[in-house]
Amino acid sequence: MTNSEPIVLDALVLGGGFGGIHMLHQLREMGLTVVALEAGTGVGGAWYWNRYPGARCDIESLVYCYSFSPIIDDEWSWTERYATQPEIVRYINFVCDRLDLRKDICFNSRLVKATFDEEAGFWTLHTENGDVYRARHFVSSAGPISEPIWPDIPGREKFKGEIYHTAKWPQQEPDFRGKRVGVIGTGSSGTQLIPLVAEQAKHLTVFVRTPNFYANANNRPLTDSDQAWWMQNRTRIRERLRTSEIVGSGDVFMNEEMLATRLRKGDEYSENERREILEKRWQFGGATMPRAFVDILTNHELNDEISGFLRAKIAHIIKDPATAEIMTPRNIYFGTKRICVGTNFYETFNRPNVTAVGVKKTPIERFSEKGLVVDGKEHEFDVIICASGFDALTGALTVIDIHGVDGKTIKDVWSKGSDTYLGIGVAGFPNLHLIGGPGSPSVLVNVVMANEYQVGWISRRIKYMRDHGLTRVDVDPDYQAKWSQTVKDVIQGTVLVSADSWYVGTNVPGKAKGILAYAGGMVNYKQACDAAAERKYEGFVFS
Ligand code: NAP
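Residues numbered from 1 in each chain as written. Predicted model: local features only at pLDDT ≥ 70, side-chain atom pairs only at ≥ 80, totals over all residues. Heavy atoms only, no water.

Any details on empty space enclosed by the protein? Residues and values, ideally.
Per the stated rule, a full pass over the model turns up two cavities of 30 Å³ or more. Within this model, the largest cavity holds a volume of roughly 50 Å³. Per-class residue counts for the lining of the largest cavity are seven nonpolar, four polar and no charged. Lining the second largest cavity we find Gly425, Phe429, Asn431, Leu432, His433, Arg461, Val473, Asp474, Val475 and Phe540. (1 Å grid on protein atoms, 1.4 Å probe; cavity = no way out; pocket = protein on both sides within 12 Å on 5 of 7 lines; lining within 4 Å. Points joined across faces, edges and corners; volume = space filled by probe spheres on them. Nonpolar A, V, L, I, M, F, W, Y, C, P; charged D, E, K, R; others polar.)

Summarise the site of the ligand; cite the residues concerned and give the values.
Not every one of the 25 residues close to the ligand is listed here, only the nearest: Arg56, Ser189, Gln192, Arg209 and Thr210. Interatomic distance of 2.8 Å between a side-chain N/O atom of Arg209 and an oxygen atom of the ligand. With the chains in place, 88% of the 900 Å² that the ligand exposes on its own is no longer accessible. Here the shell around the ligand takes three residues from helix H5 (residues 188-200), the largest share from any one element. The residue makeup of the shell around the ligand includes at least three contributed by each of domain 1 (7-147 + 391-542) and domain 2 (156-213 + 318-386). (Near = heavy atom within 4 Å. Polar contact = N/O pair within 3.5 Å; in protein donor to acceptor, adjacent residues only side chain to side chain. Areas by Shrake-Rupley, 256 points an atom, 1.4 Å probe, with all protein chains shown as cover. Helix = DSSP H or I, 4+ residues; strand = E, 2+ residues; numbered from the N terminus. Domains from an automatic or database assignment.)

Give me the layout of surface pockets: which residues, what numbers.
Approximately 1,300 Å³ is the volume attributed to the second largest pocket. For the lining of the second largest pocket, the secondary-structure elements that each account for two or more residues are helix H6 (224-244), helix H14 (447-467) and helix H16 (522-534). Top contributing element to the lining of the second largest pocket by residue count: H16, with four residues. A breakdown of the residues in the lining of the second largest pocket according to their chemical character gives 25 nonpolar, eleven polar and eleven charged.

Go over the packing of aromatic side chains with me, naming the residues and quoting the values.
Going through the model one piece at a time under the given rule, you end up with 36 aromatic pairs. Each ring, one from Phe345 and one from Tyr346, has its centre 5.4 Å from the other, and the planes form 40°; the classification is tilted. According to the relative accessible area criterion, Tyr346 is buried, its value standing at 2%. One aromatic cluster is present, formed by Phe18, Trp47, Tyr64, Tyr66, Phe68, Trp76, Trp78, Tyr91 and Phe94 through successive ring pairs. Taking NZ or CZ as reference, Arg51 lies 4.9 Å from the ring centre of Tyr48, over its face. The cationic tip of Lys482 hangs over the ring face of Tyr479; the distance from NZ or CZ to the ring centre is 4.5 Å. (Phe/Tyr/Trp six-rings, centres within 6.5 Å; stacked < 30°, edge-to-face > 60°. Buried < 20%, exposed > 50% of the residue type's maximum accessible area, 1.4 Å probe, protein only. Lys NZ or Arg CZ within 6 Å of the ring centre and 35° of its normal.)

Laid out in structure tokens, this is it:
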């Protein structure tokens, strides 16, 4: 059913993931009329869509969840160190039920157009199915890694077999038994999916262009004593994460000795001590290696040493030297791509039914009716899976026709770089508030915790506007330019400058190259946002 009469709201929230449903709750608590739009048929955001086999969070479940509600905290317990996609979706559903949020979420509602009406000071928002909303505030929590991209290979429509993208996985699980399967992509998604598909497929061929660095998750069930320990320590650990970033994505259970190295430089240890530290982290598992020492991204020699350590692991695990070489990252610095975390990934390449094909020097030429053509040779498949990634941080918004003042579109404004102020506002787009957007720490930190902070900050600003009778907030372009410069400056001297990855947009043809997220850490980011708020939201222009 479509609704041609606009539904008038105080706020419209885009997205039914972690950030969106929290924002919906927060604004509703403040007494605003608010609706959340979600394109899927259920909540979960990225976790709703990325339901491929093996999908699992690479941040520990105990800290990849909300901390704002003691009720949720007390009533939910995670079953594994790293939660599976189904468990995360169950959690988000539980939160929605517990806070009675579902009644204000419109499912199957893909936002296609949003226009700021300068005269009225309202956003007019259109969904694909014809619904129209008028909202004073437009809060986007569309997700930093939610707009999938297909591989830039011609002829996809010619392939006659089954074809899937990991981020658009069908509700009905495909059956790979007895089938010849090809996988394009060995980032986080491919890394998680490949071992499970290999167990089913008759034969699996993995096309590897730029092998990334990888760590074993070392996943395990959470025991009763883990749960009891967490209940006692969660406040302390969360506080540590909020104030010092000492507990990161995979190290909730790390002892003080292991945690301490991340505050020290590599050369504070001997070569043997460094190797021991890395070995301990390798055994401990998870995305803990990038934070083994404080200067991994700035000290090129140290970075090379860690790369060498991880390359030796590959050579040790993968039995066939030619396959090991295809899987070995060369000519990229450790940390310029997000480390992949999985289970039995390298071991999978020792299976007799799995082949790796290197496609760096000889790229995949095209899809054919029967499969993929590489170096003139046709590889035939029943199924092709594209684990080819996302148009990160900006893609979920540039895909929507968003018009700010003077008819400017967000797509045009971001065509030369994804400028924002504090990652929260964009000059010329009044009353648009971003969660997890470009210029914020977003995917470079624990995104759920970063979202929680931004939800709080945005809510307080909306309250400030209400309390002061203000109806319009825009960004001062000078402040935006300064913040964008800060975002660029933060990575100077780090290996991220030389990166080629979704972190800097080079995975999307035609996208401006530049660091998309603020790499200065959550503590510095909060200081900047809190300071602006204390100075009556300095850098924002109200009317
Ligand atoms: P990704 O890291 O961007 O990986 C895409 C892969 O596809 C790369 O290996 C890329 O090779 C390859 N590719 C793309 N086009 C190709 C082509 N034409 N020919 C050959 N190879 C091609 O994407 P992702 O794996 O979906 O992960 C993206 C991010 O999502 C992750 O870094 C992570 O932040 C998040 N994620 C998280 C989890 C988790 O929490 N566990 C799971 C999945 C995803 P090149 O490198 O050469 O371009």
